[in-house]
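# Breakdown of the fold
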Amino acid sequence: MSKGSRSVTVLAWMAAILCILVALVSYRFLLLGVPTSMEFLAYHLPGNRWFLHAHIAVAPLTLALLPVQLSSRLRKRYPRLHRWGGRIYVLLIMLSGVAALQLATTTQSGPVAAAGFALLGVIWLIVTGLGFWTGWKRDLLLHRRWMIRSAALTFAAVTLRIYLPLSMVFGLPFDPAYTAIAWLSWVPNLIAAEIYLRSGNRMNQRVT
Ligand code: HEM
């Protein structure tokens with residue numbers, strides 16, 4: 001294995017571990033309840049109880065599914081697992097994405113953060129829907145491209161939880177940092193996915 005592909009493998013493993021860790025930690029509300037474990041979001045409870053629970057109970061599963069869906073070894077060895085995993089991934093995003101939109105439009109974090117989360121939610125739903133549609137039509141090249149974009153957006157849940165503690169370490173004031181992170185958690189991910197898709201990797205190009 002070349003040095004380059006070894007680094008890619010290490011990065012992929014690190015990303016997979018982060019997905020699983022963030023998904024597991026998200027379920028802290030099951031043990032401690034939302035008011036204790038997610039105090040800063042408890043204001044959603046009176047009006048948005050169902051949307052909040054739909055989001056925080058379902059979205060972490062999409063993150064946990066990412067390593068399974070993206071593993072080329074699992075995809076080749078167990079194609080049925082990939083197909084069923086994909087259907088479940090899309091269904092879970094439709095549920096938690098709609099709930100995320102409701103949370104985004106009622107967040108008390110200000111209009112700029114609300115716009116960041118809302119736009120992420122809309123693009124997440126559309127991109128994942130296109131991934132499903134192209135997979136359904138067996139256009140595997142386009143399916144792969146849309147799902148890589150979808151994965152980059154799902155991964156925003158990880159990048160947000162990396163940037164937030166980092167902003168605290170650097171002593172940045174919470175409100176403006178949170179507002180910036182509502183955008184920074186996903187826009188660079190999407191740009192990185194786009195750069196990767198336009199790179200020379202022959203798996204990303206249609207061979208004619
Ligand atoms: C990618 C599209 C997503 C959008 C648009 C979105 C949006 C939101 C919004 C608006 C909130 C409430 C924030 C506030 O009111 O300040 C929230 C909270 C939360 N989201 Fe998401 N989310 C997305 C993906 C995910 C994923 C993939 C996970 C998986 C772990 C996740 C887990 C959570 C959790 C656990 C909370 C509660 C607060 C926390 O623990 O940080 N979300 N999300």
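Residues numbered from 1 in each chain as written. Predicted model: local features only at pLDDT ≥ 70, side-chain atom pairs only at ≥ 80, totals over all residues. Heavy atoms only, no water.

## Observations regarding the overall build of the protein
Of regular secondary structure, the protein possesses 11 helices and 0 strands. Counting from the amino terminus, the protein carries its helices and strands in the arrangement α-α-α-α-α-α-α-α-α-α-α. Against the compact-globule benchmark of 17 Å for 208 residues, the protein has a radius of gyration of 18 Å, which places it among compact chains. With respect to the principal axes defined by its C-alpha atoms, the protein has extents near 55 × 35 × 30 Å. Sorting the 208 residues of the protein into buried and exposed places 40% on the buried side. Summarising the internal contacts of the protein: among those between residues at least 6 apart in sequence, 69% fall at separations of at least 24. (Helix = DSSP H or I, 4+ residues; strand = E, 2+ residues; numbered from the N terminus. Rg over C-alpha atoms; globule rule 2.2 N^0.38 Å. Buried < 20%, exposed > 50% of the residue type's maximum accessible area, 1.4 Å probe, protein only. Contact = heavy atoms within 4.5 Å.)

## A short note on the coordination of the iron atom of the ligand
When only protein atoms are considered, the iron atom of the ligand has one donor, His 55 (NE2), at a distance of 2.0 Å. Within the fold, His 55 resides in helix H4 (residues 45-70). (Donors = N, O, S within 2.8 Å, 3.2 Å for Na, K, Ca; no water.)

## Some thoughts on the site of the ligand
Around the ligand sit 26 residues in total, of which Arg 28, His 44, His 55, Thr 107 and Tyr 178 are the nearest. Contact between the ligand and Ser 109: an oxygen atom at 3.2 Å from a side-chain N or O atom of the residue. Tyr 178 places a side-chain nitrogen or oxygen 2.7 Å from an oxygen atom of the ligand. Under a 2 Å grid-point criterion requiring more than half of the atoms, the pocket assigned to the ligand is the second largest pocket. Every element with two or more residues in the shell around the ligand is listed here: H4, helix H6 (79-106), helix H7 (111-136), helix H8 (140-154) and helix H9 (156-169). Top contributing element to the shell around the ligand by residue count: H4, with 6 residues. For the shell around the ligand, a count of residues per class yields 16 nonpolar, 8 polar and 2 charged. (Near = heavy atom within 4 Å. Polar contact = N/O pair within 3.5 Å; in protein donor to acceptor, adjacent residues only side chain to side chain. 1 Å grid on protein atoms, 1.4 Å probe; cavity = no way out; pocket = protein on both sides within 12 Å on 5 of 7 lines; lining within 4 Å. Sits in = over half its atoms within 2 Å of the grid points. Nonpolar A, V, L, I, M, F, W, Y, C, P; charged D, E, K, R; others polar.)

## Focus: the layout of surface pockets
Of the volumes computed, that of the second largest pocket is approximately 930 Å³. At the level of secondary structure, the elements contributing two or more residues to the lining of the second largest pocket comprise helix H1 (3-26), H4, H6, H7, H8, H9 and helix H10 (174-184). Split by residue class, the lining of the second largest pocket holds 26 nonpolar, 8 polar and 2 charged. (Points joined across faces, edges and corners; volume = space filled by probe spheres on them.)

## Brief notes about the pattern of salt bridges
Summed over the entire model, instances satisfying the criterion amount to 2 salt bridges. In this structure, Arg 149 and Glu 194 form a salt bridge, with 2.9 Å as the shortest nitrogen-oxygen distance. Of this pair, Arg 149 sits in helix H8 while Glu 194 sits in helix H11 (residues 187-198), placing them 45 residues apart in sequence. Between Arg 198 and Glu 194 there is a salt bridge, and its shortest N-O distance comes to 3.4 Å. Here the residue Arg 198 and the residue Glu 194 both occupy positions in helix H11, the gap between them amounting to 4 residues, near one helical turn. With relative accessibility at 64%, the residue Arg 198 sits in the exposed group. Residues joined in a network through salt bridges with shared partners are Arg 149, Glu 194 and Arg 198. (Salt bridge = Lys/Arg side-chain N within 4 Å of Asp/Glu carboxyl O.)

## Description of the environment of Ala 23
Inspection of the secondary structure puts Ala 23 in helix H1. Judged by its relative accessible area of 5%, Ala 23 is buried. Distance in space between the C-alpha atoms of Ala 23 and Ala 54 is 14 Å, their sequence separation being 31 residues. Apart from the residues lying within four places of it in its own chain, the contact partners of Ala 23 are Pro 60, Leu 63 and Ala 64.

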